[in-house]
Amino acid sequence: MSMGFKWKRGVIKPLKKEIKKGDVVIFTAATYHPMDSGFQKDKTTNKIKPKFFVKELKIFFEDILVCSFDFEVSASPKLVVKFPLRVFKSGRIKALWEDNLGNILSKSVKISVQN
Amino acid sequence: MERRDFLKNSSFAALSLAGVDIFAKNVSGKIGFEEAYEDAIKGVKKIYKDSEKIKLKIPKEVKKGLVVPVEVDIDYPMKEDRYIEHIYILATKNPVAKIIKANYTFINAKAYLFVNIKLSETQDVAILARSNIGEIFEKRKRVKVAISGCS
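Here, residues in each chain are numbered from 1, in the same order as that chain's written sequence. Whichever chain is written first is A, and whichever ligand is written first is 1; the rest continue in order. Local features in this predicted model are restricted to residues of pLDDT 70 or higher, and side-chain atom pairs are both shown and tallied only at a pLDDT of 80 or more, whereas totals for entire chains, interfaces and linings draw on every residue. Side-chain calculation: all heavy atoms of the structure are included, whereas hydrogens and water are not.

Engineer: Quick question: what am I supposed to make of the overall build of chain B here?
Structural biologist: Put simply, DSSP H or I for four residues or longer makes a helix, DSSP E for two residues or longer makes a strand, and each gets a number counted from the N terminus. Looking only at helices and strands, chain B has two helices and nine strands in total. For chain B, the succession of helices and strands along the chain, N to C, is α-α-β-β-β-β-β-β-β-β-β. Per-residue burial over chain B gives 44% buried out of 151 residues. The criterion used for residue contact is that any of the two residues' heavy atoms lie within 4.5 Å. Sequence separation of 24 or more characterises 67% of the internal contacts of chain B that already satisfy a separation of 6 or more. Using a 1.4 Å probe, accessible areas were evaluated by the Shrake-Rupley method; residue-level cover was limited to the displayed protein chains. Here chain B displays about 8,600 Å² of accessible surface, and carbon together with sulfur accounts for 55% of that area. Summary of the burial criterion: residues with accessible area below 20% of their type's maximum are buried, those above 50% are exposed, and those between are partly exposed, where the area comes from a 1.4 Å probe applied to protein chains only.

Engineer: Any chance you could explain the overall build of chain A here in plain terms?
Structural biologist: Counting its regular elements, chain A contains zero helices and nine strands. Shown N-terminal to C-terminal, the secondary structure of chain A runs as helices and strands in the order β-β-β-β-β-β-β-β-β. The long-range share in chain A, meaning contacts at least 24 apart out of those at least 6 apart in sequence, stands at 60%. A total of about 6,300 Å² of accessible surface is found on chain A, and carbon and sulfur atoms cover 50% of it.

Engineer: I keep staring at the nonpolar core and nothing clicks. Help me out?
Structural biologist: Most often, soluble globular proteins keep nonpolar side chains buried together rather than apart. Of all hydrophobic cores here, the largest spans 76 residues; its most connected members are Ile59, Phe69, Phe71 and Phe83 of chain A together with Ile89 of chain B. If one sorts the elements of this core by residue count, strand β5 (residues 84-91) of chain B sits on top with six residues. Here Phe71 of chain A is in contact with Phe53, Val54, Lys55, Glu56, Leu57, Leu79 and Val81 of chain A together with Ile99, Ile100 and Val115 of chain B, once residues within four sequence places are set aside. Of all hydrophobic cores here, the second largest spans five residues; its members include Ala30 and Val80 of chain A together with Tyr112 and Phe114 of chain B. To define a nonpolar core, start from buried Ala, Val, Leu, Ile, Met, Phe, Trp, Tyr and Cys residues and group those joined through side-chain atoms within 4.5 Å.

Engineer: In this structure, what is going on with the environment of Met35 of chain A? I would like to understand it.
Structural biologist: Of note, Met35 of chain A is situated in the loop between β3 (23-32) and β4 (54-61). Along the backbone, Met35 of chain A and Phe53 of chain A are 18 residues apart, and their C-alpha atoms lie at a distance of 4.1 Å. Beyond its immediate sequence surroundings of up to four residues, Met35 of chain A is in contact with Phe52, Phe53, Val54, Glu72, Val73, Ala75, Ser76 and Pro77 of chain A together with Lys118 of chain B.

Engineer: What is the right way to read the packing of aromatic side chains from this model?
Structural biologist: Each aromatic ring pair is summarised here by two numbers: the centre-to-centre distance and the angle between the ring planes. A pair of aromatic rings is counted whenever rings of Phe, Tyr or Trp (Trp by its six-membered ring) have centres within 6.5 Å, and the orientation is called stacked for planes under 30 degrees apart, edge-to-face for over 60 and tilted otherwise. With the rule as written, the count across this model stands at nine aromatic pairs over all chains. Look at Phe33 of chain B and Tyr37 of chain B: their rings are 5.7 Å apart centre to centre, the planes differ by 40 degrees, and that puts the pair in the tilted class. Of this pair, Phe33 of chain B and Tyr37 of chain B both sit in helix α2 (residues 33-41), four residues apart, which is roughly one turn of the helix. Taken as a pair, Phe33 of chain B and Tyr37 of chain B share a single burial class, namely buried. Taken together through their ring pairs, the aromatic side chains of Phe27, Phe69 and Phe83 of chain A together with Tyr104 of chain B make up a single cluster. A ring is scored as having a charge over it whenever the NZ atom of a lysine or the CZ atom of an arginine sits within 6 Å of its centre and within 35 degrees of its normal. The ring centre of Phe114 of chain B lies 4.5 Å from the NZ or CZ of Lys82 of chain A, which sits over that ring. Lying across the ring of Phe60 of chain A, Lys94 of chain A places its NZ or CZ 5.1 Å from the centre.

Engineer: Would you mind going over the pattern of salt bridges with me for this structure?
Structural biologist: Pairing between side chains of opposite charge can happen when the charged atoms of each approach one another. Salt bridge, as used here: a side-chain nitrogen of Lys or Arg that lies within 4 Å of a carboxyl oxygen of Asp or Glu. Per the counting criterion, the structure on display carries 11 salt bridges over all chains. For Glu56 of chain A, the salt bridge identified is with Lys58 of chain A, shortest N-O distance 3.9 Å. Between Lys98 of chain B and Asp39 of chain B there is a salt bridge, and its shortest N-O distance comes to 3.7 Å. Of the two residues, Lys98 of chain B is situated in strand β6 (residues 98-103) and Asp39 of chain B in helix α2; the sequence distance between them amounts to 59 residues. Through salt bridges with shared partners, a single ionic network connects Asp39, Lys42 and Lys98 of chain B.

Engineer: Would you take a moment to explain the side chain of Glu135 of chain B for this structure?
Structural biologist: Residue and element names in this part refer to chain B. By secondary structure assignment, the location of Glu135 is in strand β9 (residues 135-147). Under this rule, positive means Lys or Arg and negative means Asp or Glu; His and the chain ends count for nothing. Despite its burial, Glu135 pairs with no opposite charge, the nearest such side chain being Arg82 at 4.4 Å. A polar contact is formed between the side chain of Glu135 and the side chain of Tyr76, at a distance of 2.5 Å. Under the rule applied, a polar contact is a pair of N or O atoms within 3.5 Å (in protein, one hydrogen donor and one hydrogen acceptor; residues adjacent in sequence only if both atoms are side-chain atoms). At 2.8 Å, the side chain of Glu135 forms a polar contact with the side chain of Ser131. The residues contacting Glu135, other than those within four sequence positions of it, are Lys46, Tyr48, Tyr76, Arg82, Ala129 and Arg130.

Engineer: Honestly, the interface of chain A and chain B in this entry has me stumped. Any pointers?
Structural biologist: Size of an interface: often given as the accessible area lost when the parts come together. Tallying the contact residues gives 27 residues for chain A and 30 residues for chain B. When chain A packs against chain B, close to 2,400 Å² is buried across both sides, 57% of that on carbon and sulfur atoms. Where chain A touches chain B, the interface holds zero salt bridges. Taken together, the connections running from chain A to chain B amount to 16 residue pairs in polar contact (both at pLDDT 80 or more). Those elements giving two or more residues to the side of chain A that touches chain B turn out to be β3, β5 (64-71) and β6 (78-87) of chain A. Take the accessible area each of two parts loses on contact, using a 1.4 Å probe, and add the two losses: that sum is the buried area.

Okay, here's the thing in structure tokens:
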């Protein structure tokens, strides 16, 4: 599964469009990943598929780490995470996912804050 | 001499069996609920079970356990000196009980988390919210699962 895996689909976005200085904003960070638990059999080869899962998501605001999430194989392949952040200024928010094989996916969005 | 041989052989057998067990545990990749729970509460001062500070939104029953939405909102200050620094979501019967650990600071300003999880069978989902001053707030809810999300 991991051999031909191309990790492209991902997004990070705020749940509201108009953001004022000091607002607590909920962001969505979402991606798709096989999230193979290491217990399932491949239907074609009948062999156990090795563990293949997203192990970490890091969130940066203007390149400063603001929060992170550690996963195990029991997180869903439709990996949607929503988290809060108080925002004081405009800037770029970045999500960086890393799986257990070292594959990395990065997505970012620029947010504008009204004073 | 025979007795010595017997003891030597039985000790070896016992060690081998123990070795096999440890090996099996290490290679299985499973993380039981007790192990995950102990890891989450390590070093805490107080545990508040069935805490009303935690609002947990999760379906009572799902057809497929592959995508189960979990929403957690914790009523806690999130100030510089006092905030929720970790939110754990554990499942009591999944082969890997640990699902997610969220790492927050006061700048997140709200102890909130939404995530999709997998459930292998009908079981409890446990939320543990750990503050930076060593408190744990805990809440559990049972989810009925018709088709496993882990097979």
